[in-house]
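Take a look at the letters that make up each chain.
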Amino acid sequence: MFSRSLYRLRNLSRHNGRSFYNSSSYFKHSALITAFQPLLHNKPYATTTQHAASTSSLNQTELAKFAAIAESWWDAEGPFKPLHVMNPTRLAFIRSTLCRHFGKDPFSVRPFEGLKFVDVGCGGGILSEPLARMGASVTGIDAVDKNIKIARLHADLDPVASSIEYQCTTAENLVEEQKKFDAVIALEVIEHVADPAEFCKSLSALTVSNGATVISTINRSMRAYATAIVAAEYILHWLPKGTHEWSSFLTPEELVMTLQRASISVEEMAGFAYNPLTGQWSLSDDVGVNFIAFGIKNSE
Amino acid sequence: MSRLITTKRLASNIFTFKQASRTFCNDASTKLNNVPFETQFNKEDEGVTNDVPQHDIAIVGGGMVGMALACSLASMPLTKHLSIAIIDSNPALTNMPSIKKDDPPDPRVSTVTPATISLFKGIGAWEFVEQHRHAYFDKMQVWDYTGFGFTRYNARDADKDVLGCVVENKVLHKSLLSCLQKKDLKKTIYPARLSSMSLPTRSSVSNGSSKSLANLAKLELTDGTNVYAKLVVGSDGNKSRVRELSGIKTTGWNYSQSAVICTVEHPSENSTAWQRFLPAGPIALLPIGNNFSNIVWTMSPKDASNHKIMNQHDFIKAVNHALDSGHGPRPESRILGGDVIPSFFKPNVTSAVNEGFEIPPKVVKVVSERMAFPLSLMHANDYVAKRVVLIGDAAHTVHPLAGQGVNMGYADVAALSNVIGDGVAVGSDIGEVTLLKKYETERKTANIAMMAVLDGFQKAYSVDFGPLNILRAAAFNGANVFAPLKRNIISYASGERSLPFLS
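This is a predicted model, so every value here is computed, not measured. (Residues numbered from 1 in each chain as written. Chains lettered and ligands numbered in written order. Predicted model: local features only at pLDDT ≥ 70, side-chain atom pairs only at ≥ 80, totals over all residues. Heavy atoms only, no water.)

## Details of the overall build of chain A
What counts, and what does not: Segments assigned H or I by DSSP are reported as helices when at least four residues long, segments assigned E as strands when at least two residues long, and all are numbered from the N terminus. The buried label goes to any residue with under 20% of its type's maximum accessible area, the exposed label to any with over 50%, and the partly exposed label to all in between, with areas taken from a 1.4 Å probe on protein chains only. Whether two residues touch is decided by their heavy atoms; if any such pair falls within 4.5 Å, the residues are in contact. The protein chains shown are the only cover counted for residues, whose accessible areas, like all others here, come from Shrake-Rupley with a 1.4 Å probe.
Assigned secondary structure in chain A consists of 9 helices and 9 strands. Within the span of chain A, comprising 300 residues, buried residues form 64% of the whole. When contacts within chain A are restricted to residue pairs at least 6 apart in sequence, those whose partners lie at least 24 apart make up 73%. Of the accessible surface of chain A, which amounts to about 10700 Å², a share of 52% is contributed by carbon and sulfur atoms.

Here's what the structure looks like:
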């Protein structure tokens, strides 16, 4: 089940300077994924300055409103469909790498039982909930309180997911609180932070010695430029212009270096490939656009 | 131009409002956590808490396909923990009927393909089938009444031991029940029928008082019980109530044909599956062990009711007439075969490519009741909806012509249990449409292709028109002499290939 080919570090350089996008469908879907990112995660630009002070208690209308948003957020056939379709692929990577790293039985239903995970930029909880079903004690954090509300509402629908601890906070704050986790997971977040090096240091500080860090992002490749920026922002108008800055994307090499300086050694990397015929995503060794990396925190 | 506010700035904002925001978040979660959970169903063995039965999966219809799904889920490491409800009023599910070896074979039989046999072996049910009557066959002869069309398949052509196995449906069902009894599966059998079903909607989720129930499918049974499940599997046959209640539309037509089935006896043993195409429809003679064979005979509804009530002597005469002596002449076995075909077409000398026509065994006695049922083709437009999935005849009903109907259902079972296992592996909600769509994508293509092939066969033989007869015969003979095509057809019919004629 998890015998998908995983990208090994030594192949990193091979995939640079590849041709433009392969097919228009692939192109469309990558861009679509990108388009939803602001809504899915803690993205500063997606926030208004409206803050918790003005809504210090929940009233029933507010609750109903959030429930409606949560439902469309979680509607697998709704506007977030591409993300729902891609999510199992990200989880397959996490499951296979972390099972191996923590020496867990890959045929176990709840392999992460007893492990503490933090999902940085959890959004509506699309990653946190599956991780909780896989047995992890999950903390989901997001700086956007609307996301946290949506995540909380949805998680309470499932007794297993209701154990997730959602917090309206940032990775930096958790570092200040001296929280530690067996695995720190930040998917599609790093391309939006001002200082990736600092962000990686925070992630590293949250990871226990020999713990795991998983990061996914978009490559600074011509292909990613065409899909994530030109198409999504200028042609299809899925995103406001300026949502993504190509120059702030990281190449796999840069991510590896940045993590290395934060005492995390990247062990495995994989790209995401979309098959327009089956409509399914799979892991591939093409890290040209979207990619995911797994690293281990060096023991001090 | 960038709207990107740096994380640092946001972080400091958050920090400023930290106290307030903390209060808010905590407040919200406390509020929501105050909602009482009626259940914690993963903690419960039978999935029943506070008298509200909750299950991971509710299988509506505990027939052959439904029970195969239960067995398949019970035999996979990632799905065996699931709590399963089986909803069926059939008393056989709870008090197992005994099958006597000496009874004549039941006329309701299935021709299971090698793919189905390997599914049964995988779930541990085939050993039970082997304890009862079953008949493997390694040869199959298909010909038509015109005397031009003839083809003979041998398992050796495709390097196989068998082409299939004929088993009584009651044996398949009982084997699955015995197999399930040995499994350590959290299952509950509800001896009732489904009366209504409500699926979670936006409003029920947002204002339901018991939140964990509001997100599940609710099944109301005829005995008044309510059952909740994350996923409802409709394996309740071609008149599926689950399909109807979930509003899934179907496409299909009646063939204005009926099939007459019964068990017959002949003087010697039979290990070939025979099928002859007649103007009114095909007649098949399938070995079922010892000197018994099963008859599936397609004809007009009027003829079917006549054949059902006519006296045994006349019926036997009619069967032998249909199988051999009546209508046109026997095919000349070497019409196109043999010497004129370049050796290129023949993969090896032992191939049965040039095997001659054989005469089907003569029927001497009818040993079961005769049954007649109307034929139709039906295909569900969707196989899945939120928290609902259809398998087997609930999703597709075919002409029984090549005995493929139940095999399509078992292929659904194999595909669905893999998809559920994959979903469990990555922590998905098993009732989620995105997950279930993988099953639909996989099976719909294969099922439609199979239905088109079977329907095409049926249509090709429903017209008795000279040029068409010759075309059919040419197709038949082409299939008979061209070895790669023949291998292809065999492996398609064995269920090992999802699309016909595409290598």
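## Concerning the packing of aromatic side chains
Geometrically, a pair of aromatic rings is defined through the distance of the ring centres and the angle of the planes. Spelled out, the test is: Pairing of aromatic side chains here covers Phe, Tyr and the six-membered ring of Trp, requires ring centres within 6.5 Å, and sorts the geometry by plane angle: under 30 degrees stacked, over 60 edge-to-face, intermediate tilted. In this analysis the charged atom, NZ for Lys or CZ for Arg, is taken to sit over a ring once it is within 6 Å of the ring centre and within 35 degrees of the ring normal.
Inspection of every chain in the model, using the stated rule, returns 8 aromatic pairs over all chains. Seen in terms of ring centroids, Trp297 of chain B and Phe315 of chain B are 6.2 Å apart; in terms of plane orientation they differ by 50 degrees. Their pairing is tilted. Linking Trp297 of chain B in strand E16 (residues 292–299) with Phe315 of chain B in helix H11 (residues 312–325), this pair joins segments that are 18 residues apart in sequence. The pair Trp297 of chain B / Phe315 of chain B is uniform in exposure class, with both members buried. Here a set of aromatic residues connected by ring pairs shows up, and it is made of Phe120, Trp126, Tyr136 and Tyr410 of chain B. Note that Lys116 of chain A overlies the ring of Phe181 of chain A, its terminal NZ or CZ placed 5.3 Å from the centroid. Geometry around Tyr383 of chain B places Lys444 of chain B over its ring, the cationic atom sitting 6.0 Å from the centre.

## Things to note about the sheet that holds strand E4 (residues 109–112) of chain B
All names here are of chain B. To keep it simple, the criterion reads: When DSSP finds at least two bridges between two strands, those strands are taken to pair. Throughout, an axis means a line fitted to C-alpha atoms (over the contacting stretch in the case of helices), and angles, computed between N-to-C directions, take values from 0 to 180 degrees.
With antiparallel pairing, the 3 strands of this open sheet are ordered in space as E4-E8-E5. Every other strand in the sheet has two partners, leaving E4 and strand E5 (134–137) as the edge strands with one partner each. Strand-to-strand twist of the sheet, defined as the mean angle between neighbouring strand axes without regard to direction, takes the value 20 degrees. Bridge count for E5 against strand E8 (residues 164–168) is 4 bridges, and the pairing is antiparallel. Counterpart to His134 in the pairing with E8 is Val167.

## Description of empty space enclosed by the protein
Formally: Think of a 1 Å grid over the protein atoms and nothing else: a 1.4 Å probe that fits but is trapped marks a cavity, an open set flanked by protein within 12 Å on at least five of seven lines marks a pocket, and residues with an atom within 4 Å of a point count as lining. Grid points are joined across faces, edges and corners, and a volume is the space filled by probe spheres set on the points.
Evaluation of the coordinates by the stated rule reveals 9 cavities of 30 Å³ or more. Space inside the largest cavity adds up to approximately 250 Å³. As for the largest cavity, its lining consists of 19 residues, of which His84 and Asn87 of chain A together with Ser428, Asp429 and Glu432 of chain B are closest to the centre. Secondary structure elements with two or more residues in the lining of the largest cavity: helix H3 (81–101) and helix H4 (128–133) of chain A together with helix H13 (433–461) of chain B.

## Describing the pairing of strand E5 (residues 181–187) of chain A
All names here are of chain A. Along E5, 7 of the 7 residues are buried, which leaves the element largely enclosed by surrounding structure. Bridge count between strand E2 (residues 116–120) and E5: 3 bridges; the pairing is parallel. When the sheet's bridge partners are listed, Val118 is paired in E5 with Val184. Alignment of E5 against strand E6 (residues 207–218), held across 6 bridges, turns out to be parallel. Along E6, the bridge assignment pairs Ile185 with Val214.

## Quick word on the UniProt feature "binding site: S-adenosyl-L-methionine" (unreviewed entry) in chain A
All names here are of chain A. Let me state the cut-off plainly: UniProt positions are given in the numbering used here, feature names are shortened, and annotations may be inferred rather than shown by experiment. The term polar contact refers here to a pair of N or O atoms within 3.5 Å; inside protein, the definition further demands a hydrogen-donor-capable atom paired with an acceptor-capable atom, and it admits residues adjacent in sequence only when both atoms are side-chain atoms.
As annotated by UniProt and renumbered to match this structure, "binding site: S-adenosyl-L-methionine" (unreviewed entry) occupies Arg90, Gly121, Asp142 and Leu187. Mapping Asp142 onto the fold places it in the loop between strand E3 (137–141) and helix H5 (145–155). Using a relative accessible area of 0% as the deciding quantity, one classes Asp142 as buried. Polar contacts involving the side chain of Asp142 include one to the main-chain amide nitrogen of Val144, which spans 3.0 Å. In this fold, Leu187 is placed in strand E5. Accessibility expressed as a relative area gives 1% for Leu187, which makes it buried.

## Observations regarding the pattern of salt bridges
For clarity, the threshold we go by: Any Lys or Arg side-chain nitrogen located within 4 Å of an Asp or Glu carboxyl oxygen qualifies as a salt bridge.
Counted according to the given criterion, the structure contains 20 salt bridges over all chains. Glu432 of chain B is the salt-bridge partner of Lys386 of chain B, the closest N and O atoms lying 3.7 Å from each other. Here Lys386 of chain B is found in the loop between strand E19 (384–385) and strand E20 (388–390), whereas its partner Glu432 of chain B is found in the loop between helix H12 (405–425) and H13, with 46 residues between them in sequence. Accessibility expressed as a relative area gives 27% for Lys386 of chain B, which makes it partly exposed. Its relative accessible area of 13% is what places Glu432 of chain B among the buried residues. Among the charged side chains, a network of salt bridges with common partners joins Glu129, Arg133 and Asp158 of chain A.

## A closer look at the confidence of the model for chain B
Residue and element names in this part refer to chain B. Note the cut-off: Confidence per residue, as judged by the predictor, is encoded in pLDDT with a range of 0 to 100.
Confidence in the prediction of chain B, expressed as mean pLDDT, is 79, and 72% of residues score 70 or more. Segment residues 1–49 is flagged for pLDDT under 50; beyond a separation of four residues in sequence, or across chains, it makes 89 contacts in the model. Under a pLDDT of 50 for its full length, residues 334–353 has, in the predicted model, 31 contacts with residues more than four places off or in other chains. Both scores are given for the predicted complex: the pTM is 0.79, the ipTM 0.76.

## Re unusual backbone geometry
Notably, Glu188 of chain A is not glycine yet its phi reads approximately 55 degrees, a positive angle. Positive phi, close to 50 degrees, is recorded for Asn290 of chain B, a residue that is not glycine. Tracing the backbone through its elements, the reader meets Asn290 of chain B in the loop between strand E15 (281–287) and E16. What makes Asn290 of chain B partly exposed here is its relative accessible area of 47%.

## Brief notes about the UniProt feature "binding site: Mg(2+)" (unreviewed entry) in chain A
Residues and elements named next belong to chain A. Under the UniProt annotation, the feature "binding site: Mg(2+)" (unreviewed entry) is placed at Glu188, Glu191 and His192. Mapped onto the elements, Glu188 comes out in the loop between E5 and helix H7 (196–206). A polar atom in the side chain of Glu188 sits 2.8 Å from the side chain of Ser216. In this fold, Glu191 is placed in the loop between E5 and H7.

## A closer look at the environment of Pro105 of chain B
All names here are of chain B. Note on placement: Pro105 falls in the loop between strand E3 (83–87) and E4. A residue is classified by how much of its surface remains accessible, and Pro105, at 1% relative accessible area, is buried. Contact partners of Pro105, with chain neighbours within four places excluded, come to Arg133, Glu168, Thr263, Ile288, Phe292 and Ser368.

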